[in-house]
Amino acid sequence: MSDPSSLPSFVRSPQVDFLSSLAVDRTLAKHDLAGSVAHVEMLARVGLLSSAEETSLLAGLRTIHGEIEHGRFRWQEALEDVHTNIEHRLTELVGPAGGKLHTARSRNDQVALDERLYLREAVAQVAHALLELEGALLSQARAGAATPMPGYTHLQRAQLVTVGHWWLAHFWRFDRDLDRLFATVDRSDVSPLGAGALAGSTLPIDPQYVANRLGFARPFENSIDAVSDRDPLVELLFDLALLAVHASALGEEIVLFASKEFGFLLRSPELGSGSSLMPQKRNPDVAELARGKAGRAVGDLASLLVTLKGLPLSYDRDLQEDKAPVLDSVATLSAVLSALLRVVPSLAFDPVRLRSASEDADLLATDLAEAQVAHGVPFREAHEAVAALYADPEGLPRALAHTPAAGVDPKVFAPSDPVASLSRRASWGGPSPAQVARQLALAEDRLSRRRSSLSSLDRKVGLVEELLTEGPK
Ligand code: ARG
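Computed from a predicted structure; not experimentally measured.

*Asks:* I'd like to hear about the environment of Ile86, residue by residue, with values.
*Replies:* Mapped onto the fold, Ile86 is located in helix α5 (residues 82–94). For Ile86 and Met278, which are 192 residues apart along the polypeptide, the C-alpha to C-alpha distance reads 54 Å. Discounting chain neighbours no more than four positions away, the residues touching Ile86 are Ala29, Asp32, Leu33, Leu61, Ile64 and Phe73.

*Asks:* I'd love a proper account of the side chain of Gln320, names of residues and values included.
*Replies:* Residue position: Gln320 is located in the loop between α12 (294–308) and α13 (323–346). Not counting the four nearest positions on each side in its chain, Gln320 is found in contact with Leu19, Ser20, Ser21 and Tyr315.

*Asks:* So what's going on with the packing of helix α10 (residues 231–258) against α13? Residues and values would help.
*Replies:* Across the interface, α10 lies against α13 with an axial gap of 10 Å and an inter-helix angle of 30 degrees. When the interaxial angle is binned, α10 and α13 end up roughly parallel. The chirality of how α10 crosses α13 is left-handed. When α10 is examined against α13, the residues Leu233, Leu236, Leu237, Leu240, Leu243, Ala244, Ala247, Leu250 and Ile254 are found in contact with a partner set consisting of Pro325, Val326, Ser329, Val330, Leu333, Val336, Leu337, Leu340, Val343 and Val344. A per-class count over the contact of α10 with α13 returns 18 nonpolar, one polar and no charged.

*Asks:* I'd like a description of the pairing of strand β1 (residues 148–153), backed by residues and values.
*Replies:* Looking at chain direction, β1 and strand β2 (residues 156–162) are connected through six bridges and run antiparallel. Counterpart to Thr153 in the pairing with β2 is Gln156. Hairpin connection of β1 to β2: two residues between the antiparallel strands, including His154 at a positive phi of 55 degrees.

*Asks:* How would you explain the site of the ligand if you had to name every residue and give the values?
*Replies:* Near the ligand the following residues occur: Ser21, Asp25, Asp81, His83, Arg107, Asn108, Val111, Tyr315, Arg317, Gln320 and Lys323. The contact in question runs from a nitrogen atom of the ligand to an N or O atom on the side chain of Asn108, over 3.0 Å. One of the side-chain nitrogen or oxygen atoms of Tyr315 is found 2.5 Å away from an oxygen atom of the ligand. Look at the ligand: alone it shows 340 Å² of surface, and the protein chains cover 87% of it. Sort the elements by how many residues they give to the shell around the ligand and helix α6 (residues 107–143) lands first, with three residues.

*Asks:* Could you give an account of the side chain of Ser20, with specific residues and numbers?
*Replies:* Take Ser20: it is sitting in the loop between α1 (16–19) and α2 (22–25). Here Leu22 takes part through its backbone nitrogen, which lies 3.2 Å from a polar atom of the side chain of Ser20. The residues touching Ser20, leaving out its near neighbours within four places in the chain, are Glu77, Glu80 and Gln320.

*Asks:* Lay out the layout of surface pockets in plain terms, naming residues and giving numbers.
*Replies:* A probe matching the size of a water molecule, rolled over the atoms, marks out where space remains unfilled. Approximately 500 Å³ is the volume attributed to the largest pocket. Around the largest pocket, the lining is made up of 18 residues, and of these Ala258, Ser259, Lys260, Arg267 and Arg282 lie nearest the centre. The class makeup of the residues in the lining of the largest pocket is seven nonpolar, seven polar and four charged. Counted as a void, the second largest pocket has a volume near 340 Å³.

Conventions and cut-offs
Residues numbered from 1 in each chain as written. Predicted model: local features only at pLDDT ≥ 70, side-chain atom pairs only at ≥ 80, totals over all residues. Heavy atoms only, no water. Helix = DSSP H or I, 4+ residues; strand = E, 2+ residues; numbered from the N terminus. Contact = heavy atoms within 4.5 Å. Axes fitted to C-alpha atoms, helices over the stretch in contact; angles between N-to-C directions. Parallel < 35°, antiparallel > 145°, perpendicular 65-115°, else oblique. Left-handed = near helix turned anticlockwise from the far one by under 90°. Nonpolar A, V, L, I, M, F, W, Y, C, P; charged D, E, K, R; others polar. Pairing = 2+ DSSP bridges. Near = heavy atom within 4 Å. Polar contact = N/O pair within 3.5 Å; in protein donor to acceptor, adjacent residues only side chain to side chain. Areas by Shrake-Rupley, 256 points an atom, 1.4 Å probe, with all protein chains shown as cover. 1 Å grid on protein atoms, 1.4 Å probe; cavity = no way out; pocket = protein on both sides within 12 Å on 5 of 7 lines; lining within 4 Å. Points joined across faces, edges and corners; volume = space filled by probe spheres on them.

Printed below as a string of C-alpha cells:
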C-alpha cells in the first residue's frame, strides 16, 4: 500500500472503499490502455507532446499491458479505479512525462470510450458462441427436416409440424438476436474521447484522429451527450436479456420433451446429472439453468435502466454502477450459450414416441376442415362439422371407417400417415418438406453472411491488441 500522501489528491478520500470501482473496471484495463495509446499519439500529433515524450509514454503503456497480462501489475484499491491505477503506474515507469497522459482528458470521456471498446469485444464473444449454436440448431434441423412431430399452441396438441421446422423456429429467434447485437455495435460506433469532463477542451485536440485510430466510424457530436450516453450498454443488456429469454424458452422445451410425460427426447448425458436422493433420476439441469439464468439477464437490464432514470446531465457518479450488470450479463450469456452448444448436438428424438404422438387424429382436425373448404364449403361450416365429429366419441372412428365428411376423399384424412398431411402443409413458411428445405437454404445463407459480419467485427476488436503490441514508431 502506498503512503496516502503519495496518492493523487483527487482520489484521496476516507470513503475510498465505497468509491472504488476497481474490482469491476479492472476488466477494462486493455481497452483503457488502447484508448490511452490513441490519445498519446493524438497529443503528439497536435504538438502537446514531444516525440520523445510520445515514445516514452507509448513504451510505458505497453509495458503496463505486459505487466497486467502476466499478472505482475500491482493494483491499488486506494487509487479508486482502473484509469488512475494505470496513470499512476505510468508515472512510476516514465517519470513526470506520465503526468501529461491525462492532458485534455477526463475519466468521464475515458470510461465512456473504454466501455465502447469493451462492448465491441463482448458482442464479438457472444456472437461467436451464438453463431456456433445456430450452426448446431441447423444441423439438427437438417437431420429432422422430414420427421413429423406434434406442434403445440397453449401446450395442447394442435397441428403437425416436423422436428426440423421446430428447430428452425428456435434458429430464427436466435438469428434475430444476433442481428440485434450487430446493430447495437453499429449504433455505438462513436468515439467519446475528446469530450473531456463534459465540455471538451481549450487545447487543440483531434478527436477525429482518436476515433479513426480505434476503428470508430466517427467522434461524438456533443460533449455533454458523449460523457453521459449509456444507450449502447442498455441496448446490449436488452439484446442479451432477450437472447436469454429465447434460450430459456428452448431450455423449457427441452425440459418438457425430456420428461417421461412427453418422452420425446432420449436421455443425454450432456443434459444434466442425477439426484442425490432418488437413484432413478436424470435431471435436465443444464436446460433448467439455461431457463433460470434469464432472470439474471433481465435483472441486469432493469438495474441499468433504473440507474439511468432521471439522472441529470452530464456525468454523475451513479454511472459507475453501469459496468457490473453489463459484465454479469455478458458472462451469464456466454455461459448459457456454451452450455446449450454442448446440449443441442447431443439431443436425439425417440422415433417411436414421436411417431405415436404424431399419429394422433387431433392433429388433423384442421386438415379435415380445410379439405372441405377446398370443395367449396365455407370454413365456418366446415369448422362446426369437424368440431361435432371430434366431440362425439363415436364420430371419429365412424368417420375413419367411411368417408370422413361430405365430398372428402378418405385418403386426405389418415392419421396413420402424418407425412401425407405434412406434404399438404405447403403454404409459405409452413412445415412441408419443400418449405422446410427452402427455409434451410435461407438459414444457411444467413449464417454465412453473419459469419462475414463477425469477421469484420473481429478485425475491429483486434485493433485493441494491435495498438498494445505495436513496436515503437
Ligand atoms: N470509475 C468511474 C466510472 O466508472 C470513472 C469515472 C469517474 N469520474 C469521476 N469524475 N469521478 O464511472
